[in-house]
Amino acid sequence: MMKNILILFIATSIIASCGNSDTDTNIVDQKNDPQKNIFVSECVASANNVTPRGGDIYYKQCTCTWNKTLESMNTTEVAAMRREWSKPSDFQYYSTFLSEVMNNSAQCLDDLF
């Protein structure tokens, strides 16, 4: 089961790198953040593919993971993510993002149960 969860969040974190490259790195409406919306919806869809129980728990897990990951990243890392890691210097922050998603997904899972 834990292997499936790790695979789920690795796939989700890769999908989360897709988003709106026009998003201003300094002004993002948290309710209408296109990258968050993509991350959460793809995360929930992936979770339902692994274990199709559905329900609010997947939404809470995915939202928590996104929020904690953004909180744990510094402004340079967030700016690189908002640019979709489009600059060569951004790639170093992509691995940080993946690591943070993994760590925070496990923490959020513990928090929910």
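The numbering scheme is per chain: residues are counted from 1 as the chain's sequence reads. The model is predicted, so local features are restricted to residues of pLDDT at least 70 and side-chain atom pairs to those at 80 or more, both for listing and for counting; the totals for chains, interfaces and linings are taken over all residues. To obtain the side-chain values, all non-hydrogen atoms of the structure were included, while hydrogens and water were left out.

(A) Structural detail: the nonpolar core. Residues grouped as a nonpolar core are buried Ala, Val, Leu, Ile, Met, Phe, Trp, Tyr and Cys residues, joined through side-chain atoms within 4.5 Å. Burial classes: relative accessible area under 20% of the type maximum marks a residue as buried, over 50% as exposed, and values in between as partly exposed (1.4 Å probe, protein chains only). Core analysis: the biggest nonpolar cluster contains 15 residues, and Phe 39, Trp 66, Met 73, Met 81, Trp 85 and Phe 97 have the highest contact counts within it. By definition, any uninterrupted DSSP run of H or I lasting at least four residues is a helix, any uninterrupted run of E lasting at least two residues is a strand, and each is numbered from the N terminus. Contributions of two or more residues to this core are made by helix H2 (34-50), helix H3 (56-72), helix H4 (75-82) and helix H5 (91-112). Per-element tally for this core: the top contributor is H5, with four residues.

(B) The side chain of Asn 104, seen in detail. Position of Asn 104 among the secondary structure elements: in helix H5. On the basis of relative accessibility, which here comes to 6%, the residue Asn 104 falls in the buried class. Only heavy atoms enter the contact rule, under which two residues are in contact if any of them lie within 4.5 Å. Beyond its immediate chain neighbours, meaning those up to four positions away, Asn 104 contacts Thr 65, Lys 68, Thr 69 and Ser 72.

(C) Fine view of the state of the cysteines. We call a pair of cysteine sulfur atoms a disulfide when they lie within 2.5 Å. By the definition in use, this model includes two disulfides. The side chain of Cys 43 participates in a disulfide bridge whose partner is Cys 62; the two sulfur atoms lie 1.9 Å from each other. Across the disulfide from Cys 43 to Cys 62, rotation about the S-S bond amounts to roughly -75 degrees, and the bridge is consequently left-handed. Placement of Cys 43 in helix H2 and of Cys 62 in helix H3 is noted, with a sequence separation of 19 residues between them. The same class applies to Cys 43 as to Cys 62, namely buried.

(D) The arrangement of H3 in detail. Between the first and last C-alpha of H3 there are 24 Å, a value that for 17 residues agrees with the 24 Å anticipated at 1.5 Å per step. For H3, every residue scored as buried is listed here: Tyr 58, Gln 61, Cys 62, Thr 63, Cys 64, Thr 65, Trp 66, Thr 69 and Leu 70. An expected span of 1.5 Å times one less than the residue number is assigned to each helix.

(E) Seen up close, the packing of H3 against H5. Each axis is a line fitted through C-alpha atoms, taken for helices only over the stretch in contact, and angles between the N-to-C directions span 0 to 180 degrees. One can describe the packing of H3 onto H5 by two numbers: an axis separation of 8 Å at closest approach and a directional angle of 135 degrees. As the angle between them shows, H3 and H5 are arranged oblique. As for how H3 packs across H5, the hand of that crossing is right-handed. Mapping the contact onto sequence places Ile 57, Lys 60, Gln 61, Cys 64, Thr 65, Trp 66, Lys 68, Thr 69 and Ser 72 in H3 and Phe 97, Glu 100, Val 101, Asn 104, Ser 105, Gln 107, Cys 108, Leu 109, Asp 111 and Leu 112 in H5. These descriptions rest on fixed angle ranges, namely under 35 degrees for roughly parallel, over 145 for roughly antiparallel, 65 to 115 for roughly perpendicular, and the rest for oblique. In this scheme, a crossing is called left-handed if the near helix is turned counterclockwise away from the far one by less than a right angle; it is called right-handed if the turn is clockwise.

(F) Just the environment of Val 78, in detail. Tracing the chain through its elements places Val 78 in helix H4. Each C-alpha atom, one on Val 78 and one on Phe 97, is 8.8 Å from the other, the two residues being 19 residues apart in sequence. The residues contacting Val 78, other than those within four sequence positions of it, are Leu 70 and Met 73.

(G) View of H5. When the terminal C-alpha atoms of H5 are compared, their 32 Å separation across 22 residues agrees well with the 32 Å that a helix rising 1.5 Å per residue should span. Within the span of H5, buried status applies to Tyr 93, Tyr 94, Phe 97, Glu 100, Val 101, Asn 104, Ser 105 and Cys 108. The buried residues of H5 occupy an angular sector of 140 degrees when the element is viewed end-on, so they sit on one face. Along the arc lie the directions from the helix axis toward the C-beta atoms.

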